[in-house]
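Residue-level structural notes
In case you want the letters, here they are:
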Amino acid sequence: MPETIWEKLVEDKRRRQLEAIPKDWIISLPSADVLDVRKYPDECGLLTAREVEITNTIDVQQLLGKLASAEWSAVEVTTAFYKRAIVAHQLVNCLTEIFVQRALARAAELDDHLKRTGSVVGPLHGLPVSFKDQICIKDLETTMGYASWIGKYSTHDAVMTEVLYDCGAIPFVMTNIPQTLMWPETYNYVYGRTSNPANRTLTTGGSSGGEGALVGMRGSPLGIGSDLGGSVRYPSAFNGLYGLRPSYGRLPYSGCVNSLEGQDSAPSSLGPISNSLNGIKTFMRAIISKEPWLRDPLCVRKKWDEDAYRLAEHGGGEKLCFAVMWDDGNVVPQPPVIRALDMTKKALEAAGHTVIDWQPLKHQELYDDLASIWMAGALSDIGATTAATGEPRITSMSPSASALIDTGVHYGPEMSAYELWQIQRRRTIMREEYLAHWRATASRTGTGRPVDAIIAPVAPFPPPPHGMTKISTYTVVWSTLNYTCCAFPVTSVDPVLDAKRPPHDFLSDNDKENYELYEPETFKNAPVGLQLIGGSLEEEAVIAMTEVVDAALKALGPST
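Quick caveat: nothing in here was measured; it's all calculated off a predicted structure.

Parameters at a glance
Residues numbered from 1 in each chain as written. Predicted model: local features only at pLDDT ≥ 70, side-chain atom pairs only at ≥ 80, totals over all residues. Heavy atoms only, no water. Helix = DSSP H or I, 4+ residues; strand = E, 2+ residues; numbered from the N terminus. Rg over C-alpha atoms; globule rule 2.2 N^0.38 Å. Buried < 20%, exposed > 50% of the residue type's maximum accessible area, 1.4 Å probe, protein only. Contact = heavy atoms within 4.5 Å. Lys, Arg positive; Asp, Glu negative; His and termini not counted. Charge placed at Lys NZ, Arg CZ, Asp CG, Glu CD. Salt bridge = Lys/Arg side-chain N within 4 Å of Asp/Glu carboxyl O. Pairing = 2+ DSSP bridges. Axes fitted to C-alpha atoms, helices over the stretch in contact; angles between N-to-C directions.

**A short note on the overall build of the chain**
When its secondary structure is counted, the chain shows 19 helices and 15 strands. Over its C-alpha atoms the chain spans a radius of gyration of 22 Å, differing by no more than 12% from the 24 Å that the globule rule assigns to 560 residues. C-alpha atoms of the chain, sized along the principal axes, occupy 60 × 60 × 50 Å. With 560 residues in all, the chain has 60% of them scored as buried. Across the chain, every contact between residues at least 6 apart in sequence was considered, and the portion connecting residues at least 24 apart equals 80%. Computing the positive centroid from 52 side-chain charges and the negative centroid from 67, the chain places the two 3 Å apart.

**Looking at the pattern of salt bridges**
Counting across every chain of the model gives 31 salt bridges. We note a salt bridge from D42 to R84, for which the minimum N-O separation is 2.6 Å. A residue pair is termed long-range when its members are at least 10 positions apart, and D42 in helix 2 (residues 40-43) and R84 in helix 5 (residues 74-92) qualify at 42 residues. Judged by its relative accessible area of 26%, D42 is partly exposed. Note that D550 and K554 form a salt bridge whose closest N and O atoms lie 2.9 Å from each other. You can see D550 and its partner K554 sitting in helix 19 (residues 539-556), four residues apart, about one turn around the helix. Residue D550 is classed as buried on the basis of its relative accessible area, which comes to 9%. What you see here is one network of salt bridges that share partners, running through D12, K13, R15, R16, E19, E97 and E141.

**Focus on the sheet that holds strand 1 (residues 95-98)**
Taken in spatial order, the 11 strands make up an open sheet running 1-3-2-8-10-9-14-15-13-11-12, and their pairing is mixed. The two strands at the open ends of the sheet, each matched to only one other strand, are strand 1 and strand 12 (354-357). For this sheet, the mean inter-axis angle between neighbouring strands, taken without regard to orientation, is 30°. Here two bridges tie strand 9 (residues 242-245) to strand 10 (residues 269-274), and the two strands are oriented antiparallel to one another. In the strand pairing of strand 10, Y242 is matched with S274. Lying on the sheet, helix 10 (residues 277-289) is in contact with strand 8 (222-227), strand 9, strand 10 and strand 14 (485-492); it crosses strand 10 at an angle near 140°.

**Regarding the pairing of strand 15 (residues 527-533)**
With respect to burial, strand 15 is a largely interior element, seven of its seven residues being buried. Pairing of strand 13 (residues 453-457) with strand 15 involves four bridges; the strand directions are antiparallel. Residue pairing for strand 15: I454 is matched across the bridge by I533.

**Here we look at the pairing of strand 10**
Taking burial as the measure, the six residues of strand 10 include six buried ones, the bulk of the element. Covered by surrounding structure in strand 10 are S269, G271 and I273 together with L270, P272 and S274, the residues of both alternating faces. Alignment of strand 8 against strand 10, held across six bridges, turns out to be antiparallel. Paired with D227 across the bridge in strand 10 is S269.

In short, shape yes, function no, at least from these values alone.
Now the structure itself:
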């Protein structure tokens, strides 16, 4: 059978990607039965001792300090992270665009500027930053997982790219995504599947899954993903990372490619992913300091609010009240996630904060409404993209490519504008109800304020086997409400501590299936993270309260 147009495009793109990797950076790979490959970059022999030290410096502020003082040059830092990124790619297949010489040339320019002037270009001077494959860089391809977009070179930089250049950052790789972006896992026909570095039989999440895997391998100190319904939070939680989903409009999105362009009722948000929480804060402050609303008409005109970061509206952060959502009323989380919630509750109480239970309100309805908005024209959008090449629409993330496996992405019938308006109207009513529900908690907190933040699962499971990420209600709900969320790491799966529990009275068919999916040995060593949820456009306070939670967990120590 002759190759189709899209298959020929894929063959050519894979060849060009392989040719972009320096030949002396090709390593001997471990056998397929080596599941946890997170330490392999340190041990494979490609990185020098200094490069291992650089790439294991997960504190972004410390890294920036060494760059600003010229203790480490931008060229050597970029080289170190590039080598580690290429190692990571060979192990978990996380990269799309590779442009070594371009990145090193940018690094050399920054080193020269620092040497000549004695000052840095900006707050992210010399920092390598990885991009999800939808943030355009001029003269590079941005396929967004579509074979049909191979050969589509960007004629401009996205506003985010421009701002990062002004900050002194170095875009150095682009990372893998699922076809259409609309999946909580990462697989497409062009680049294939990205695996979880902690256990390669498990998913890395999606749709910013390449970012999650790369940052999880310490192949990038800071990555940028996007989050429509959980696409920053899934990869962050599934790889033991921090990841922020800002309210839409807080960061510039103009000039990026996207699915469902023109669907402005529930847009996605760009957000940072990092091994350090100060990386999240540093990124947000840097981008906002450049007043991106002067370049992107949809970006909110809102400067960094230091009073909000100091938690001025939350009692100065001295005694906070958090609410833990143990389940969403539809699916009970698996044992490792319940343990993570319990650890967080105990840590916060030990630190002197109050923790109460959160009662979910209409979570299934909130999910259904947002899904309906997305799917109102999704099939037409995908069809318009793939028609010219005959590229098939991916219908399952399962390695067996079985369409019988339901992975949670449902394409419903398209609807009239009036029908869509009614869904959006219903969503507005539920947003009003949820805000009132939150404010009513002031009677239970003991602080005189409503609950300061909610702590909830990102998913009712740790990263599952490929093709089995079936439930996204735990993230989509907060996107429906447009609340700011920050994912944070808590623990990892321990088959002894996280033994399977006896069956409970199942809340739904999804709940029963989620219970049956869990086998402790299957998930062994998998990272387990949670998310902290604040109000809309409350990025500064959400970061600060996540710092409070993170400090409390570290003070408590690992669960025993």
